Amino acid sequence: MRPRLQIYRRLVFSTSFPRSFSSISASKTTTPTATFPGNHIAYIVKKCIFLVQTCASTKSKLRQIHAFSIRSGVPISDPDMGKHLIYSLVSLSAPMSYADKIFSQTQNPNIFTWNTMIRGYAESENPRPAVDLYRKIHVESIEPDSHTYPFLLKVTAKLADVRLGENVHGITIRNGFDSLLFVQNSLVHFYAACGDVESAYKVFDLMIERDLVAWNSVVNGFALNGRPTEALTLIRNMALEGVEPDGFTMVSLLSACAELGALALGRRVHVYMLKVGLSENLHPSNALLDLYAKCGSIREAQQVFYEMGLRNVVSWTALIVALAVNGFGKEALELFRKMEREKMVPSEITFVGVLYACSHCGMVDNGFNYFKKMIEEYGIVPKIEHYGCMVDLLGRAGRVKEAYEYIQNMPLQPNAVIWRTLLGACTVHGHSTIAEVAKAQLLQLEPRYSGDYVLLSNLYASEQRWKEVQEVRRTMIKEGVKKTPGHSLVELGNQVHEFVMGDTLHPQTEDIYSMLAEITKKLKAEGYVPHTANVFADIEEEEKENALTYHSEKIAIAFMLISTASGTQIRVVKNLRVCTDCHLAIKLISKVYDREIVVRDRSRFHHFRDGGCSCGDYW
C-alpha cells in the first residue's frame, strides 16, 4: 500500500463518525494530415495550425497567428483553422466573444468545435449561451457525441437549472451514454451542485467504476448542502475502497469538520496534509484556515495564514471574516489595512467581512467610511449583502429608526434578509411599530419562515403581550409553520454529540441533569437571576426558569463538564442565536468552573472566560 494512502486510512479509521469537481479533458487535437505540395492554401492552413498548436502560449501570440493566417489568404470560414483557433482560445480562457466571432464565420463546424464552444461557455462567467448552442446543434441536425453532455451538464450545474439537467440526464440514458464514467461524473456533480444530494448519491451508488472525481463530487455535495455527517461517512468508505484523496477531498473533509465543529478531527487532517505535502496547496490551506476560524480557534487560523507560502484574496478575506465573527473587530480592520499595504485588491466579499466587523463591534462611523471607500476607491457596486451589513450596523447599535430609513432609501429592493435583520433589531431594542412593518414585508416575501414568527413572538413576550404571543402561535399552527428546533453539538473522543432542548436520549442523561442542578445552584449563589422575558409562553415564573435550564447549549456544557478534566476548553456549536439567559449563564459558568467556553451560534462566536464574553454583550 502506498505510504500516503496508509496515513490517510489511519486518519479516517481512527475516527468515529456520528452522522466538485468534474474534470473533463477535451480530446487532444492532432495536426491535420492534409497533403502538400500542390495546394498553397492547404499548406498555409497546415502551417498556421502547427503554429497554433506549438506557439500559441498566450492570447496575444494566438491573435498574431490568427492575423498571419488571414494575411496569408486562409479563408476565415476554414473549418480546420476555426476548430484549432477556438480550441486554443478556450484553453487559454480567452474572452468567449472572440471565440464566438470565429465560430460564427466557420463553415460547417464539426461536433468537436461545437463541444469546444459549449465547454468554453461552461468555464466562463456567463454559461447561458451554451444552452442556445446545444439547441442549435439539433436545429443544424448535428449528432451530439459523448463529450457534448458532460460539458452541457457543467453548464446546467453552474446555472442550477435542474429541469434542463434532468432532461440532459434522460437524453444520455436514451443515447446509451449514461454508462460512461465521465458522463456519470458530470451527473453526480450536476445534482450535487444543485443541492439534490439524494439524486447525486443515487447516480454515484449505481456506478460500477468510481474514480476520485466521482468520490470528490458526491462528498462535496453532502459537505456543502448541510450534510457533514454523511460527507464524513463517505470519506471513510472512500478509504475502505483504497481511493487516495487529493486536495479537493481535503477541502470537502475540512468543510464537513467545520460544519460540525469537529476541531480534533480537523487537526488530524492538518497533520495528514503536512505529511503528504498538501499543505502547500492553496485551496486546502484556505479550507484549513476556514476550519480553525469556524471552530473558534482564531490563533490557529492566524498561524495557518502566516505560514502560507502563497496567499490570495480568499485567504485574506477568510481571516478578516474570522477575526470579525470571533469578536476581534479592530484586528480584522488592521488586517484589512495590511492587505491594502500589500497591494492586494479586496473583493466585494472582503468588504462584507469588513462591514461585518464594524457591525459586530459597534463601529458605526467606521462602517459608513468603509462603505464609501468600497465605492469610491475600489469601484465596487454595493450588493444586497453590503446593504444588509449597513442595516445590521445601525440595528445592532440601537438606531432602529435610522435603519428603517436606510432601507427605505436603498437603491436596491430590500429582500427578506434585510427585513429580518430589522425585525431582529426591533426585538432586541423594543420597537413594536417598526417591527409590524417588517413583519408585513416578511409575510409577503417569505410567509413560512419560522424564525420570523419566533422573533415577533419574543418581542411580544418581552412586552408581556401574551394575547399577541398566542395569536402568533395560532397563525403558525394554521399555516403549518414549525419552529426550527435548537440543537447544540460538542466534540469528545473523536465523536460529535448532539443535544436538543430537554434532551433525555443521551446514555449519560442522569449524570448530565445532576450536573445541571449543581450548575443552577452555584450560579444562583453568584447572584444569577434567570432572564425569563423572552420565554415563548405565558406560564408561571418557576416554569419559565425550568424551561431555560434545559436549553440545548446548557445541556451540552453540563455534559462536557462531567466528561472532561478541569481546565479543558469547551466548544459548543449551536444552530440558533444564543438567548440572553444562556449568554448570562455561560458567562457565570466560565467563572465558577474556571473554564474557557467557546460557543458558535448562528451568526458569530462567543469566547467566555472569567465571567466575561468576547462580544462585550454586544451581539
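Residues numbered from 1 in each chain as written. Predicted model: local features only at pLDDT ≥ 70, side-chain atom pairs only at ≥ 80, totals over all residues. Heavy atoms only, no water.

Turning our eyes to something else, we now look at the overall build of the protein chain. Per the secondary structure count, the protein chain includes 31 helices and six strands. Taking all 619 residues of the protein chain together, the buried fraction comes to 51%. Taken as a whole, the protein chain presents about 28800 Å² of accessible surface, with 52% of it coming from carbon and sulfur. In the protein chain, the 68 positive side-chain charges and the 65 negative ones have mean positions that sit 5 Å from each other. (Helix = DSSP H or I, 4+ residues; strand = E, 2+ residues; numbered from the N terminus. Buried < 20%, exposed > 50% of the residue type's maximum accessible area, 1.4 Å probe, protein only. Areas by Shrake-Rupley, 256 points an atom, 1.4 Å probe, with all protein chains shown as cover. Lys, Arg positive; Asp, Glu negative; His and termini not counted. Charge placed at Lys NZ, Arg CZ, Asp CG, Glu CD.)

In this section: the packing of helix 9 (residues 162-174) against helix 10 (residues 181-193). Interhelical geometry of helix 9 versus helix 10 gives an angle of 160° and a closest axis separation of 11 Å. One way to sum up the angle between helix 9 and helix 10 is to call them roughly antiparallel. Along this stretch, helix 9 crosses helix 10, giving a crossing that reads as left-handed. Together, Val 162, Gly 165, Glu 166, His 169 and Thr 172 of helix 9 and Val 183, Leu 187, Phe 190 and Tyr 191 of helix 10 make up the contact between the two elements. In terms of residue class, the contact of helix 9 with helix 10 is built from five nonpolar, three polar and one charged. (Axes fitted to C-alpha atoms, helices over the stretch in contact; angles between N-to-C directions. Parallel < 35°, antiparallel > 145°, perpendicular 65-115°, else oblique. Left-handed = near helix turned anticlockwise from the far one by under 90°. Contact = heavy atoms within 4.5 Å. Nonpolar A, V, L, I, M, F, W, Y, C, P; charged D, E, K, R; others polar.)

Next up on the list: the pairing of strand 3 (residues 570-574). Of all five residues in strand 3, five are buried, a share of seventy percent or more. Covered by surrounding structure in strand 3 are Ile 570, Val 572 and Lys 574 together with Arg 571 and Val 573, the residues of both alternating faces. Across two bridges, the pairing between strand 1 (residues 487-492) and strand 3 is antiparallel. Bridging across to strand 3, Leu 489 finds its partner in Val 573. (Pairing = 2+ DSSP bridges.)

This brings us to helix 27 (residues 466-479). Each turn of an α-helix holds 3.6 residues, which means side chains three or four residues apart point in the same direction. Taking 1.5 Å of rise per residue, 14 residues should cover 20 Å, and helix 27 covers 20 Å from first to last C-alpha, within 8% of that figure. Within helix 27, burial applies to Trp 466, Val 469, Val 472 and Met 476. Taken down its axis, helix 27 places every buried residue within 115° of arc, on the same side. The exposed set on the far side of helix 27, more than 90 degrees from its buried face, consists of Lys 467 and Lys 478. Directly beyond the C-terminal end of helix 27, a positive phi value near 70° is found at Gly 480. (Expected span 1.5 Å × (residues − 1). Arc of directions from axis to C-beta.)

Right, let's get into the packing of helix 18 (residues 313-325) against helix 19 (residues 329-341). Between two packed helices, the angle of one axis relative to the other and the distance separating the axes together describe the packing. Helix 19 packs onto helix 18 with a crossing angle of 160° between their chain directions and a minimal axis gap of 7 Å. As far as their axial angle goes, helix 19 and helix 18 are roughly antiparallel. Judged by the sense of rotation from one axis to the other, the crossing of helix 18 with helix 19 is left-handed. Facing Val 313, Trp 316, Leu 319, Ile 320, Leu 323 and Ala 324 of helix 18, the residues of helix 19 in contact are Gly 329, Glu 331, Ala 332, Leu 335, Phe 336, Lys 338 and Met 339. Along the lines of polarity and charge, the residues of the contact of helix 18 with helix 19 split into 10 nonpolar, one polar and two charged.

Our focus in this paragraph is the nonpolar core. Met 117, Phe 204, Leu 289, Leu 291, Leu 319, Tyr 406 and Leu 422 are the most contacted members of the largest nonpolar core, which totals 157 residues. The contact partners of Leu 289, leaving out residues within four places of it in the chain, are Ala 301, Val 304, Phe 305, Met 308, Ser 315, Ala 318 and Leu 319. By size, the runner-up hydrophobic cluster in this structure holds 29 residues, among which are Leu 516, Ala 556, Ile 557 and Ile 586. (Core = buried A, V, L, I, M, F, W, Y, C linked by side-chain atoms within 4.5 Å.)

This paragraph deals with the side chain of Glu 491. Summarising the element assignment, Glu 491 is placed in strand 1. Only 2.9 Å separates the side chain of Glu 491 from the backbone nitrogen of Ala 264, close enough to count as a polar contact. Separated by 3.4 Å, the side chain of Glu 491 and the backbone nitrogen of Leu 265 make a polar contact. Aside from chain neighbours lying at most four places away, what touches Glu 491 is Gly 261, Ala 262, Leu 263, Ala 264, Leu 265, Val 496 and Met 560. (Polar contact = N/O pair within 3.5 Å; in protein donor to acceptor, adjacent residues only side chain to side chain.)

For the rest of this paragraph, the subject is unusual backbone geometry. One non-glycine residue, Asp 594, adopts positive backbone phi at about 50°. By the secondary structure assignment, Asp 594 is in the loop between helix 31 (580-592) and strand 4 (597-600). The exposed category is assigned to Asp 594, whose relative accessible area is 56%. At Asp 610, a position not held by glycine, the phi torsion is positive, near 50°. Structurally, the position occupied by Asp 610 is in the loop between strand 5 (605-609) and strand 6 (612-613). Relative accessible area serves as the criterion here: at 58%, Asp 610 is assigned to the exposed category.

Let us now look at the confidence of the model for the protein chain. For the protein chain, the average pLDDT comes to 86, and 91% of its residues sit at 70 or higher. Looking across the protein chain, the model is least confident in helix 29 (residues 541-549), with a mean pLDDT of 55, and most confident in helix 23 (residues 400-408), with 96. Taken together, the stretch residues 15-38 has pLDDT below 50 and engages in 56 contacts with residues farther than four places along the chain or on a different chain. Segment residues 537-544: pLDDT under 50, and nine contacts once partners within four positions in sequence are set aside and those in other chains are kept. (pLDDT = per-residue confidence, 0-100.)

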